[in-house]
Amino acid sequence: AQSVAQPEDQVNVAEGNPLTVKCTYSVSGNPYLFWYVQYPNRGLQFLLKYITGDNLVKGSYGFEAEFNKSQTSFHLKKPSALVSDSALYFCAVRTLGGSARQLTFGSGTQLTVLP
Amino acid sequence: SAVISQKPSRDICQRGTSLTIQCQVDSQVTMMFWYRQQPGQSLTLIATANQGSEATYESGFVIDKFPISRPNLTFSTLTVSNMSPEDSSIYLCSVELVGTDGRTQYFGPGTRLLVL
C-alpha cells in the first residue's frame, strides 16, 4: 500500500524568509508526486509535480520541490515567503503506472506566513 | 489545466434531505472523480464517475448514499442522500488531464455542505 506523510500539521514562517513544507512517501515502484494548495474557502489548486528527470521541480507562484529518492521525500520550498502563501498544502503520490484512483493524499500542512 | 465549476458552492441542509451537486468542465475529459474532505481532514475518494456506465465506488461508499450521474464527458452530478450531520464536508470534483508531462488531476472549487 502507498502512503504519504506530512509530519507537520502547522508551519509558521516570517514573510521574506525561506519556507519548507515536508513530505515523505512510501510506494511500490516509481513515484509520481504532486503538491496542491488549498486557500480558505477554495478548492485544491495544482502547484507542481515530479515524474522523472531533474530532481528539482519548479511550479506555480515561485514554489519548487526537491525529489530525494534515498530519503523518499518531496519537500516543498520557496526562497522568500509571502503572506499570501498562507494556506493548506497537500502532498500526494501514486505510482507511475497506477490509476488516478490510486492518488493518495497526505494529511495536509497549514502554512502561516507572518507579516 | 481545466476550468471546473461546481454548483452550489455551499449549502445548509436539514437531516434526512438530499442534495445534488453539479460539476461542469470546460473540455471533454475521460476521468472524472468525486472526493470528500471532512472538517480538518485530508481528501478521500468517493468514486470515479464513468461516462455511460455506473460509477466505481471506493470502499466505504455506496451508490444508495452517493448516487452519481455522468451523462457526457463534460458534466457529472453527485447526490448526497438522506443526509445526516456526519455528511457535513467539502465535496470536490476533479478531472484527470493527460499532457506531454503525464497525467494530472485538477480540482473544482468545492461544495461546502453543512447538515443540521
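Scroll up a little and you will see the structure.
Conventions we followed
- Residues numbered from 1 in each chain as written.
- Chains lettered and ligands numbered in written order.
- Predicted model: local features only at pLDDT ≥ 70, side-chain atom pairs only at ≥ 80, totals over all residues.
- Heavy atoms only, no water.
- Pairing = 2+ DSSP bridges.
- Helix = DSSP H or I, 4+ residues; strand = E, 2+ residues; numbered from the N terminus.
- Axes fitted to C-alpha atoms, helices over the stretch in contact; angles between N-to-C directions.
- Disulfide = S-S within 2.5 Å.
- Buried < 20%, exposed > 50% of the residue type's maximum accessible area, 1.4 Å probe, protein only.
- Contact = heavy atoms within 4.5 Å.
- Buried area = accessible area lost by both parts, 1.4 Å probe.
- Salt bridge = Lys/Arg side-chain N within 4 Å of Asp/Glu carboxyl O.
- Polar contact = N/O pair within 3.5 Å; in protein donor to acceptor, adjacent residues only side chain to side chain.
- Phe/Tyr/Trp six-rings, centres within 6.5 Å; stacked < 30°, edge-to-face > 60°.

Caption draft 1: Molecular detail of the sheet that holds strand β3 (residues 19-25) of chain B. Residues and elements named next belong to chain B. An order of β1-β3-β8-β7 is seen for the 4 strands of this open sheet, with the pairing classed as antiparallel. Edge positions in the open sheet fall to β1 (4-7) and β7 (68-72), since each of these has one partner strand only. Direction aside, the axes of adjacent strands within the sheet are offset by 15 degrees on average. Relative to β3, β1 runs antiparallel, the two being bridged by 4 bridges. Directly across from Ile4, in β3, lies its bridge partner Val25.

Caption draft 2: Just the state of the cysteines, in detail. All names here are of chain B. Using the criterion set out here, one finds 2 disulfides over all chains in the structure. Here Cys13 stays unpaired: no disulfide links it, and the sulfur of Cys93, its closest cysteine neighbor, is 17 Å away. For Cys13, a relative accessible area of 8% puts it in the buried group.

Caption draft 3: Molecular detail of the interface of chain B and chain A. In this complex, chain B contributes 24 residues to the contact, which on the side of chain A involves 24 residues. Carbon and sulfur atoms make up 48% of the surface buried where chain B meets chain A, a total of about 1700 Å² over both sides. For the pair chain B and chain A, the interface holds 1 salt bridge. A salt bridge links Glu96 of chain B to Arg94 of chain A, with the shortest nitrogen-to-oxygen separation between them at 3.5 Å. For the interface between chain B and chain A, the tally reads 7 residue pairs in polar contact (both at pLDDT 80 or more).

Caption draft 4: Representation of the packing of aromatic side chains within the structure. All names here are of chain A. Counted according to the given criterion, the structure contains 15 aromatic pairs over all chains. Seen in terms of ring centroids, Tyr50 and Phe74 are 6.4 Å apart; in terms of plane orientation they differ by 55 degrees. Their pairing is tilted. Of the two residues, Tyr50 sits in strand β6 (residues 44-50) while Phe74 sits in strand β9 (residues 73-78), which places them 24 residues apart along the sequence. With respect to burial, Tyr50 and Phe74 carry one shared label: buried.

Caption draft 5: Structural view of unusual backbone geometry. Here the amide bond leading from Lys7 of chain B into Pro8 of chain B is cis, since omega sits at -10 degrees, within 30 degrees of zero. Positionally, Pro8 of chain B belongs in the loop between β1 and β2 (10-13). At Tyr61 of chain A, a residue that is not glycine, the phi angle is positive and equals roughly 60 degrees. For Tyr61 of chain A, the position within the fold is in the loop between β7 (56-58) and β8 (64-68). On the basis of relative accessibility, which here comes to 48%, the residue Tyr61 of chain A falls in the partly exposed class. Its identity is not glycine, yet Thr72 of chain A carries a phi of approximately 45 degrees, on the positive side. Within the secondary structure, Thr72 of chain A sits in the loop between β8 and β9. Under the relative-accessibility criterion, Thr72 of chain A is labelled partly exposed at 31%.

Caption draft 6: Seen up close, the environment of Asn55 of chain A. Residues and elements named next belong to chain A. As for its position among the elements, Asn55 is in the loop between β6 and β7. Given the relative accessible area of 37%, Asn55 is considered partly exposed. C-alpha of Asn55 to C-alpha of Asn68: the two residues are 13 residues apart in sequence and 7.0 Å apart in space. Beyond its immediate chain neighbours, meaning those up to four positions away, Asn55 contacts Tyr50, Ala65, Glu66 and Phe67.

Caption draft 7: Looking closely at the pattern of salt bridges. All names here are of chain A. Under the criterion given, the structure shown has 6 salt bridges over all chains. Salt-bridge contacts for Glu64 lead to Lys58; the nearest nitrogen and oxygen are separated by 2.9 Å. With relative accessibility at 62%, the residue Lys58 sits in the exposed group.

Caption draft 8: Molecular detail of the side chain of Glu64 of chain A. Residue and element names in this part refer to chain A. Relative to the helices and strands, Glu64 is located in strand β8. Accessibility expressed as a relative area gives 18% for Glu64, which makes it buried. Excluding residues that lie within four positions of it along the chain, Glu64 makes contacts with Leu48, Leu56, Val57, Lys58, His75, Leu76 and Lys77.

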